[in-house]
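What follows is each chain in one-letter form.
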Amino acid sequence: MHRIGSILVLGVLLLGVYGCDESTVQPTRPIWEDTKIGDLGPKAPDPNRRATFLGTIHFDVYAIDLPADNIDRLGPVWEALSAKPIRTNSYTAFAENGFRVRYGRLRVWKDVEALLAQAGGKGAGTTSLILSDVDPVDLPIADIPRAQPISFTATNLATEIAHVTPGVLALRLRAEAVPGVRGVRKIIAYPAHTLPMTIAIPELQATTKEREFYFGSAAFAAQMSPGDLLLLAPNRFTGERKTLGGLFFNKPVGTIFPDPERRRAPERKPTVRVFVLICTRMGD
């Protein structure tokens with residue numbers, strides 16, 4: 001795989017060719033029509049441009065571990081949320097990679113949280129992220145301690161292999177302003193294999209960026225404001241760590257879950273991880 005190829009795949013998302021909604025109705029004007037993320041690095045500053053206020057968007061990200069056997073119990077969670085505001089390159093490829101994402105407002109969060117708990121969900125930590133309109137931010141998902149192949153379904157539905165080096169699989173988030181609208185951002189998210197950035201020398205950082213790989217067929221986008229949330233979860237349990245979805249969601253060591261009826265001692269079970277991203281604040 002070449003980086004250029006993966007960037008072109010991501011570019012398709014920004015043209016809004018396909019929708020995430022399971023219906024066949026396509027939007028007449030994709031929400032990211034004027035967005036271009038082919039160049040994923042920060043833009044070079046224009047010395048003649050007047051200084052402007054840097055917009056920011058704040059997220060709280062909740063990680064929730066779920067017994068893999070209970071993944072079918074997420075039905076009520078999906079029913080409480082909506083697919084309509086979300087777009088992907090290809091809904092079929094997105095699902096084939098094992099991903100599922102839905103949108104909701106903060107008022108449903110308590111209900112969703114209770115439904116996840118009823119499905120056996122257990123909190124696994126909270127992370128705060130701050131995105132700007134300039135640089136993307138990575139949410140680390142899984143360590144990749146050694147070189148390995150990652151199988152994934154491409155946008156054209158072909159099975160492809162990404163041969164990656166030791167590094168990190170992350171969910172990369174990018175925020176972009178909506179022209180003429182305050183308090184709203186376009187949020188574009190996609191899995192990315194990246195290397196630890198331990199050296200601050202720009203030339204070496206650029207070389208590291210060249211070695212990244214972006215999984216455009218698992219990218220998604222939505223407009224968000226404070227009080228909006230996204231729930232990202234697997235649509236099935238595969239029990240492996242060789243595919244993109246398996247590496248992203250499966251926890252090989254499992255998690256110790258208590259017995260809800262307290263008839264047995266807590267037990268370690270195969271685990272999948274669910275992510276809830278809540279937009280808490282925005283600065284224009």
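Heads up: the structure comes first, above all this text.
Here's what I pulled together on the structure shown here. (Residues numbered from 1 in each chain as written. Predicted model: local features only at pLDDT ≥ 70, side-chain atom pairs only at ≥ 80, totals over all residues. Heavy atoms only, no water.)

1. Describing the overall build of the protein chain
Each helix and strand counted, the protein chain has 6 helices and 14 strands in total. Per-residue burial over the protein chain gives 48% buried out of 284 residues. Sequence separation of at least 24 residues holds for 76% of the intrachain contacts in the protein chain that already meet a minimum separation of 6. Just so you have it, the protein chain exposes about 14600 Å², and 54% of that area is on carbon and sulfur atoms. (Helix = DSSP H or I, 4+ residues; strand = E, 2+ residues; numbered from the N terminus. Buried < 20%, exposed > 50% of the residue type's maximum accessible area, 1.4 Å probe, protein only. Contact = heavy atoms within 4.5 Å. Areas by Shrake-Rupley, 256 points an atom, 1.4 Å probe, with all protein chains shown as cover.)

2. Structural notes on the nonpolar core
In this structure, F59, L171, F220, L232 and F248 are the most contacted members of the largest nonpolar core, which totals 42 residues. What L171 contacts, discounting residues up to four positions off in sequence, is V137, D138, L139, I141, A189, Y190, P191, F220, L232 and F248. In this structure, L81, A119, L231 and A233 belong to the second largest nonpolar core, which totals 20 residues. (Core = buried A, V, L, I, M, F, W, Y, C linked by side-chain atoms within 4.5 Å.)

3. Some details on the pairing of strand β1 (residues 56-67)
Counting buried positions along β1 yields 9 of 12 residues, so the element is predominantly enclosed. The pairing of β1 with strand β14 (residues 267-283) spans 12 bridges and is antiparallel. From the neighbouring strand, H58 faces β14, where its bridge partner is R281. Note: β1 against strand β4 (residues 122-132), 9 bridges, orientation antiparallel. Counterpart to T56 in the pairing with β4 is S132. (Pairing = 2+ DSSP bridges.)

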